[in-house]
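Read off the chains here:
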Amino acid sequence: MTQIAFFSTDFSAEPIVDEMESAKQGREVFVKDQQRMSFGGTFFYRGAMPGMELNKHGYDNHLSWRFQSAPDGHIRTLGMDGEWHDPDVFYQQRWMHKDGPDQMRRAKAAGQKVVGDLDDDFWKLDKTNIAYHTTDPKNNPDFNRDHYWEVLGACDAITVSTEALRK
């Protein structure tokens, strides 16, 4: 069975509310030393929903907020279950790290299929957009849209969110 990992940096950690203790104290109280990972809307529609649909058709998928390159170059992903996985297909959304192009090439050389997702035209953003500044190579030399372009070029396939991006 083909295993697909859906990876995104669009995750955040949130504290877990202790409902019983909150009710007793009359204020919001959180469970000590525990967090819940959640992801943004873009990843929900571009990664999680396709993954859920593929699960209905016999694929073994998981969502991932962290990955690492194994010594042989294949990509290992940390699933929401807290376990490390060795997927056959690595889908990534907006991986802009300077090591990304080499990571994708090494994963492909190790036999993994690598898919990149392009959901925004980061190279035509207006300067008033916060993403223009956070992905600007001058502001962020290690994690930026130039690396992202190279990552996409190193992928086996690219998914896009609009017809304009496809072109």
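Since the structure is predicted, the reported quantities are computational estimates derived from the model, not experimental observations. (Residues numbered from 1 in each chain as written. Predicted model: local features only at pLDDT ≥ 70, side-chain atom pairs only at ≥ 80, totals over all residues. Heavy atoms only, no water.)

## Some thoughts on the nonpolar core
Reasoning step 1: Among the nonpolar cores identified, the biggest contains 12 residues, and these are A5, F7, F67, I75, F90, W95, M104, A107, V114, V151, A154 and C155.
Reasoning step 2: Elements supplying a minimum of two residues to this core: strand 1 (3–8) and helix 3 (100–109).
Reasoning step 3: When neighbours within four sequence positions are excluded, M104 is seen to be in contact with I75, F90, Q92, W95, V114, V151 and A154. (Core = buried A, V, L, I, M, F, W, Y, C linked by side-chain atoms within 4.5 Å. Buried < 20%, exposed > 50% of the residue type's maximum accessible area, 1.4 Å probe, protein only. Helix = DSSP H or I, 4+ residues; strand = E, 2+ residues; numbered from the N terminus. Contact = heavy atoms within 4.5 Å.)

## Remarks on the sheet that holds strand 7 (residues 89–93)
Reasoning step 1: Pairing is mixed in the open sheet, where seven strands are placed in the order 6-5-4-1-7-8-9. The sheet terminates laterally at strand 6 (84–85) and strand 9 (157–160), the two strands that pair on one side only.
Reasoning step 2: Note: strand 1 against strand 7, five bridges, orientation parallel. Within the sheet, the bridge partner assigned to S8 lies in strand 7 and is Q93. (Pairing = 2+ DSSP bridges.)

## Overview of unusual backbone geometry
Reasoning step 1: Positive phi, normally seen in glycine, also occurs at D33, with a value near 60 degrees.
Reasoning step 2: Tracing the backbone through its elements, the reader meets D33 in strand 3 (residues 30–39).
Reasoning step 3: Of note, the phi angle at R94 is positive, near 60 degrees, even though the residue is not glycine.
Reasoning step 4: Topologically, R94 is positioned in the loop between strand 7 and helix 3.

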